[in-house]
Every structure is written in structure tokens, then in C-alpha cells.
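Chains, contacts and geometry: an overview
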Amino acid sequence: MKLTASAGLHGSITVPGDKSISHRAVMLGALADGDTHISGFLMGEDCLSTIDCFRKMGVPIDCSAKEVVVHGVGLHGLREPEGQLYTGNSGTTTRLISGILAAQPFPVTLTGDASIEKRPMGRIITPLRKMGADIDGRDGKFCPLSIRPAALHGITYEMPVASAQLKSAILLAGLYADGPTAVIEPAPSRDHTERMLRALGAAVESDGCKVTIHAPDALRACDIEVPGDISSAAFFLVAGAIVPDSELTIRNVGMNPTRDGVVEVLRAMGADLAVSNVRDSAEPVADLTIRSSKLHGTEISGGMIPRLIDELPVLAVAAAFAEGETVIRDARELKVKESNRIAAMAAELNRAGADCTETEDGMMLRGGKPLHGAAFESYNDHRVAMSMAVLALAAAGESEILNPEVVSISYPGFFDALRAIGGSIWY
Ligand code: S3P
């Protein structure tokens, strides 16, 4: 995939459905009584891994261009799969499904790809064991995970990291616990699981950083509209801001307040970014319009980090084009994503001529240096590949993205979408 500096980007686009919401719609739809019709489902590889795991446990799932229909089997209707369940590259599938599997009356082994085998699973093993789960991992903390039948009881668990995957694994196990299950987070992470559980009739209380679930007798299926993924929209927001003479509107973007930090930070950096047509159903949604902007550096830290954790790679690209210094702190979690995103982004930004230093929990960027194209590594990480593609559209000269097909984890068609708005891209 080759790219060069582009003249202005223009257009009105939509991005594929939210990845986090798509996963949860399949999982909770599978456990509900009745059919769940999901529109806007993300047909990315990660979400297909979730569909595959539930089909292997006997859940009929129909996919068409219009919608995905999950024929729920109820809380106690999953069947033992033949062989292992494979979660591919998907941390969300692996961690959330573990919470469900911990309560099933059959044993399962969960495996994933080389990246999944390196990602920390001790964080879910510890609380699930406290609930009574019989779960173990390679070296006690990695995939493959072996999960055997056990009776679960409710706990109150203080989470060591703000992680929606961890929170959701515990809440999903809590669907089967004897007594209420509560989690306390160091800072609020995305709350899609809580919202969807409530929509399906479960009693879930949120009080600041504490969430409590009371095990329901059943979940009632309801239709789910998945909004556009703000994490995918972020690539276009940054591209629109840094490529001169651009104006882009991204319609129907999920604006859940636990996810919209990228909008706040880009505005703090001076971006000309308008939010319009705000509407609210199960999840808030809006249209976003970005125009080329003169950006300046900022600090991104503290409780803001969970609100934009997946957007930090592309925000680092924005910071490289901004005047002055940007500091990202409290983002140690970036080291244990699909790749070590601190190391990966620092290396690739510097390859383009940026001045970026890795720190223990983030990075420091002195922006505004002239950037040039290069052959960029993607580290088998979809968000690194897309971030460097955005950089390439505003850097001098030609660039290449190595292993570009990795974008299909969360955004099949990403390069075509970028080309359609004026990105200079060819194979
Ligand atoms: C996700 C939570 C976040 C995020 C990931 C999706 C989710 O991970 O980075 O892409 O759907 O719950 P953590 O829970 O590890 O922070």
C-alpha cells in the first residue's frame, strides 16, 4: 500500500459499526431469550471471531448485508463446543467470553493468535477465581485459558486498571453468580456492557466508579442499532485536521461520554471540529465535521486516558503535526494492546522525522518538525497501520504501509474509504 501527500480531503462519510458494541450485541444476544436483530454490525475480523465462538457453542447466527440476527439460546442454553474456541486477535472476545464461560456446565479451552498469547490474562483470572471460577492460563496468566465448570458467587472487586474488558468479564460472570457482583474502577471505562444489559432487562446499578449487577432470571432480546465507531472516525478526524484544505463530515458516530475524549482533546489542540445532529437512543450519536486546523500541543493524562485509549496512536500523529510539546501520561495500558503501541508509534513517528520520546507510561512529542514519508511497519496492529496511513497523507514524499491488510481487524475497506475522500493511495 503506497501513499503520498494529498491535496484537501473532502466528503461526507460513515464509518463501520462500533467494535465494542458489536461484540457485546452478539454475546448478550446469544444469552437472551428471543431473537436480536443487529443493524450496523461491524463485519471486522475481531467481531467475526466472536460470532464464530458462539456458533461453535450452538447459537444460530444469520449474517446478511442488512443485519445480523442472533437467535438467543438463553442464559443456560450454550452447548459444549467441539474442540477449542479460537478468538483470533481479539482481546475483547477473549476477556468477555471468559466471564461467560466461567459459569458454563462444560469445560472449554480458549486460544488466540500470537498477539493474544502475549496479552495479560491474569487480570481476569484473579477476579474470576475469587468468584469461584475454575480457570487457569499458561504460566498462570496467558492464553490458552482452560475453564472448567464451577458455581460462582458474587464479589466486590477493586480493579487494578481501568479496563472495560476486565469490568465486563466480571459483570458477565455476575449474570450467573449467587448474589450481587460489584466492580470498582480507578476511572470510568466504556460502559457499553452496562447499557446493553439494562436494555435486556438486567438490574445494573452505576454509582461513580462502582457498577453492581444482580443476576437476572433471564435476559429479554431487543433490537440493537450499532452506531459508527468513534475509534474509526478518529482516523478521519485527524486526517481532516492535518491535511491542508480539507473538510470532512462523519455521520452517525457513537458519542458515548466514556468514549468521546478524542473530540475533547482535538478541540483542546485547536482543531476546528463541530458536533451536530446529536441524538440519543441506547447510545448517544452525532455527526462530526472537521476542517483543516492549525494544531498546538497538549497534555493527555489521568481520567481522560480510558476515554480515548484506542485513539492515542492517531492522536500522537496529530501531535507530530502540532506546534509545541504534547505529553501523554498514565497510558501504560498502551503497552499491552495488539502491539506495544508506545514503542511502535514512537519508532514509526521518528522514522518519519518526528521528535518523539517513549516514557514509562506514555510519550513526549515535540511537534511541528517537517515530516517525510517512509516504509512504515504496522506491527500486526490495525490501529498502528491506520495511524501511519493518516500521517502519510500529510507528510512530504511517498510512504508505504507494510502488512496493510491488518486493518480488517476493525475497519475492512479503510484504504478505499480514505481514497474516496481524496487520499492519494495506490497498491
Ligand atoms: C474494549 C476495551 C478497551 C479497548 C479495546 C476494546 C472493549 O480495552 O482498548 O479496544 O470493548 O471493552 P481495555 O479494557 O483493555 O482497556
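Here's a quick rundown of the structure. Since we're looking at a predicted model, the values are computed, not measured.

Notes on the nonpolar core
Core analysis: the largest hydrophobic core is formed by 82 residues, its most contacted members being Phe-236, Leu-266, Ile-300, Leu-312, Leu-349, Leu-391 and Phe-414. Setting aside chain neighbours within four positions, we find Leu-266 in contact with Leu-237, Val-238, Ala-271, Leu-273, Leu-315 and Ala-318. In terms of nonpolar packing, the next biggest core, distinct from the first, is built from 68 residues, Leu-101, Ile-124, Ile-125 and Leu-200 among them.

Considerations on the layout of surface pockets
Approximately 620 Å³ is the volume attributed to the largest pocket. Around the largest pocket sit 36 residues that line it, and Ala-162, Ser-163, Ile-309, Glu-333 and Lys-337 are the ones nearest its centre. Residue classes in the lining of the largest pocket are distributed as eleven nonpolar, eight polar and 17 charged. By volume, the second largest pocket amounts to about 340 Å³. For the second largest pocket, the lining is made up of 20 residues, of which Glu-225, Val-226, Ser-281, Ala-282 and Glu-283 are closest to its centre. Of all the secondary structure elements, the ones that give two or more residues to the lining of the second largest pocket are helix H6 (192-199), strand S14 (224-225) and strand S16 (272-280). For the lining of the second largest pocket, the element with the most residues is H6, which contributes four residues. Across the lining of the second largest pocket, the residue classes tally to nine nonpolar, five polar and six charged.

Focus on the sheet that holds strand S5 (residues 68-73)
Judged by pairing direction, the sheet is mixed, and its four strands sit side by side in the order S4-S5-S3-S14 without closing on themselves. Looking along the sheet, the strands with just one partner apiece sit at the ends: strand S4 (61-63) and S14. By the bridge criterion, three bridges tie S4 to S5 in an arrangement that is antiparallel. Looking at the pairing, Asp-62 lines up with Val-69 of S5. Contacting strand S3 (33-39), S4, S5 and S14, helix H1 (residues 19-31) crosses the sheet at an angle of about 35 degrees to S5.

Let's talk about the site of the ligand
Surrounding the ligand, one finds Ser-20, Arg-24, Thr-92, Arg-95, Ser-163, Ala-164, Gln-165, Arg-190, Ile-309, Asp-310 and Lys-337. Side-chain polar atom of Lys-337 to an oxygen atom of the ligand: 2.7 Å apart, as the coordinates give it. In isolation the ligand offers 380 Å² of accessible surface; the protein chains occlude 95% of this area. Put simply, the ligand lies in the largest pocket. Those elements that provide at least two residues to the shell around the ligand are H1, helix H3 (91-101) and helix H5 (164-174).

Describing the side chain of Asp-229
Of note, Asp-229 is situated in the loop between S14 and helix H7 (230-242). Note on Asp-229: relative accessible area 2%, which makes it buried. A polar side-chain atom of Asp-229 sits 2.8 Å from the main-chain amide nitrogen of Lys-19.

Quick notes on the environment of Thr-87
With respect to the element layout, Thr-87 can be found in the loop between strand S6 (85-86) and H3. Separated by 42 residues in the primary sequence, Thr-87 and Arg-129 place their C-alpha atoms 21 Å from one another. Excluding residues that lie within four positions of it along the chain, Thr-87 makes contacts with Ser-49, Cys-53, Thr-93, Thr-94, Leu-110, Thr-111, Gly-112 and Ile-116.

Focus on the packing of H3 against helix H4 (residues 122-130)
The contact between H3 and H4 brings their axes to 10 Å, and the two run at 15 degrees. By the criterion of interaxial angle, the relationship of H3 to H4 is roughly parallel. By crossing handedness, the relation of H3 to H4 is classed as right-handed. Counted together, Arg-95, Ser-98 and Gly-99 of H3 and Arg-123, Ile-124 and Leu-128 of H4 form the full contact between these two elements. Of the residues in the contact of H3 with H4, the class split is two nonpolar, two polar and two charged.

With respect to H6
Among the residues of H6, His-192, Thr-193, Glu-194, Met-196 and Leu-197 are the ones counted as buried. On its buried face, H6 is in contact with H1, H5, strand S12 (203-207), strand S13 (210-214) and S14.

Rules used throughout
- Residues numbered from 1 in each chain as written.
- Predicted model: local features only at pLDDT ≥ 70, side-chain atom pairs only at ≥ 80, totals over all residues.
- Heavy atoms only, no water.
- Core = buried A, V, L, I, M, F, W, Y, C linked by side-chain atoms within 4.5 Å.
- Buried < 20%, exposed > 50% of the residue type's maximum accessible area, 1.4 Å probe, protein only.
- Contact = heavy atoms within 4.5 Å.
- 1 Å grid on protein atoms, 1.4 Å probe; cavity = no way out; pocket = protein on both sides within 12 Å on 5 of 7 lines; lining within 4 Å.
- Points joined across faces, edges and corners; volume = space filled by probe spheres on them.
- Nonpolar A, V, L, I, M, F, W, Y, C, P; charged D, E, K, R; others polar.
- Helix = DSSP H or I, 4+ residues; strand = E, 2+ residues; numbered from the N terminus.
- Pairing = 2+ DSSP bridges.
- Axes fitted to C-alpha atoms, helices over the stretch in contact; angles between N-to-C directions.
- Near = heavy atom within 4 Å.
- Polar contact = N/O pair within 3.5 Å; in protein donor to acceptor, adjacent residues only side chain to side chain.
- Areas by Shrake-Rupley, 256 points an atom, 1.4 Å probe, with all protein chains shown as cover.
- Sits in = over half its atoms within 2 Å of the grid points.
- Parallel < 35°, antiparallel > 145°, perpendicular 65-115°, else oblique.
- Left-handed = near helix turned anticlockwise from the far one by under 90°.

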